[in-house]
Amino acid sequence: MAFCAWCGNTVPQVSYAACPQCGNPTNGSQRVVAGGGGNAGSKSAGIVIGILAGGLVLVAILGILAAIAIPNFLTAMQRARQKRTMAEIRAVASAVEAYAQEENRFPEVPMSELSSVLVPKYAQRLPTHDGWGMELRYECWPSGVCSNYAISSAGADRAFEHGSAMEYGTDETKTTDFNDDILFSNGSFVQFPEGVQN
C-alpha cells in the first residue's frame, strides 16, 4: 500500500501524479503550476534580468542624447564667445574713435597701456581680452601719425594668423572656423565670422 508524501492519504502508487485529496504529487516533489509558472527563485531572477535590460536600454538612450546634445552645446559656447569678442572689439573701437575725434589721430600705445589713455574720458571700462581669455591686439599705423587702427582677436585657437593687422588686407573676409582671427579696422570688421562655424 502507498501513501501520499504530502497528506498521508492512501494512493494506488507513489509517482508524479496528483494526490486526489491534496493535489500535490504523491512522491513529494513540488507541484507544477499550470501555465508554466516556476518557483520563486526563477521569478525573481526574471525580474532582475528585466530591470537590467531596462537599465541598459535607458543608458543607451541617454548616451545617444548626450552624443547629440554635447557637440551642439560646445558649438553654442564657441559662438557665444565669438559674439562676446565682437562686442568687446566694438567697445574698444568706439573709445579709440572718440579719442581720434579730439586728438586727430589714434592712440599710439600698446593694448596694455590703452586703458590708461582712454579710461575714464572715452570709456568707463575698456575690454582687454576676447571671449577666450586672450588679450586683444591693438595696432595703429603709420608710426608717428597713427591715421589707421586695428583691433583683433586670435579666435578659439589663441594664435594670430598674421604678425600684424596690416597683413590681413582690406577686403572683407567672412570666416567659418572658430579658430579664425576676428579683425576690426578703421570703423568696420575686415575679417569676421558668418554662417555655420566649425
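Residues numbered from 1 in each chain as written. Predicted model: local features only at pLDDT ≥ 70, side-chain atom pairs only at ≥ 80, totals over all residues. Heavy atoms only, no water.

S.K.: In this structure, what is going on with helix 2 (residues 111-118)? I would like to understand it.
M.R.: All of the buried residues in helix 2 are M111, L114 and L118. Buried residues along helix 2 cover an arc of 20° about the axis, so they all sit on one side. Seen from the buried face of helix 2, the exposed residues on the opposite side, beyond 90 degrees, are S112 and S116. (Buried < 20%, exposed > 50% of the residue type's maximum accessible area, 1.4 Å probe, protein only. Helix = DSSP H or I, 4+ residues; strand = E, 2+ residues; numbered from the N terminus. Arc of directions from axis to C-beta.)

S.K.: Sorry if this is basic, but what is going on with the state of the cysteines here?
M.R.: Formally, a disulfide is one covalent bond, and it connects the sulfur atom of one cysteine to the sulfur atom of another. Counted according to the given criterion, the structure contains one disulfide. The residue that forms a disulfide with C140 is C146, at a sulfur-sulfur distance of 1.9 Å. The pair C140 / C146 is uniform in exposure class, with both members buried. Counting only cysteine sulfurs, C19 is the nearest neighbor of C7, a cysteine outside any disulfide, at a range of 3.6 Å. C7 sits in the partly exposed class, given a relative accessible area of 36%. (Disulfide = S-S within 2.5 Å.)

S.K.: What is the right way to read the packing of aromatic side chains from this model?
M.R.: Think of a pair of aromatic rings as described by two things: how far the centres are apart, and how the planes are tilted against each other in angle. Following the criterion strictly, the structure yields five aromatic pairs and no others. For the pair Y99 and Y122, a centre-to-centre distance of 5.6 Å together with 75° between the ring planes defines the contact as edge-to-face. Here the residue Y99 occupies a position in helix 1 (residues 40-103), and Y122 occupies one in the loop between helix 2 and strand 3 (137-141), the gap between them amounting to 23 residues. For Y122, a relative accessible area of 16% puts it in the buried group. Through a chain of ring-to-ring contacts, three or more aromatic side chains come together here, namely F106, Y149, F184, F189 and F192. The ring of F160 has R137 lying over it, and the distance from NZ or CZ to the ring centre is 3.9 Å. (Phe/Tyr/Trp six-rings, centres within 6.5 Å; stacked < 30°, edge-to-face > 60°. Lys NZ or Arg CZ within 6 Å of the ring centre and 35° of its normal.)

S.K.: Whenever I open this one, the environment of M77 confuses me. Can you help?
M.R.: With respect to the element layout, M77 can be found in helix 1. Separated by 54 residues in the primary sequence, M77 and G131 have C-alpha atoms spaced 9.9 Å apart.

S.K.: Could you clarify how one ought to interpret the pairing of strand 3 in this entry?
M.R.: Two faces, one strand: in a regular strand the side chains alternate between the faces of the sheet. For strand 3, the buried fraction is high: five of the five residues fall into the buried class. Alternating positions in strand 3 separate into two faces, R137, E139 and W141 on one and Y138 and C140 on the other, with burial throughout. Two strands pair when backbone bridges link them, and strand 3 and strand 4 (residues 148-153) are joined in this way by five bridges, in the antiparallel orientation. Considered in strand 4, the bridge of R137 is made with S152. (Pairing = 2+ DSSP bridges.)

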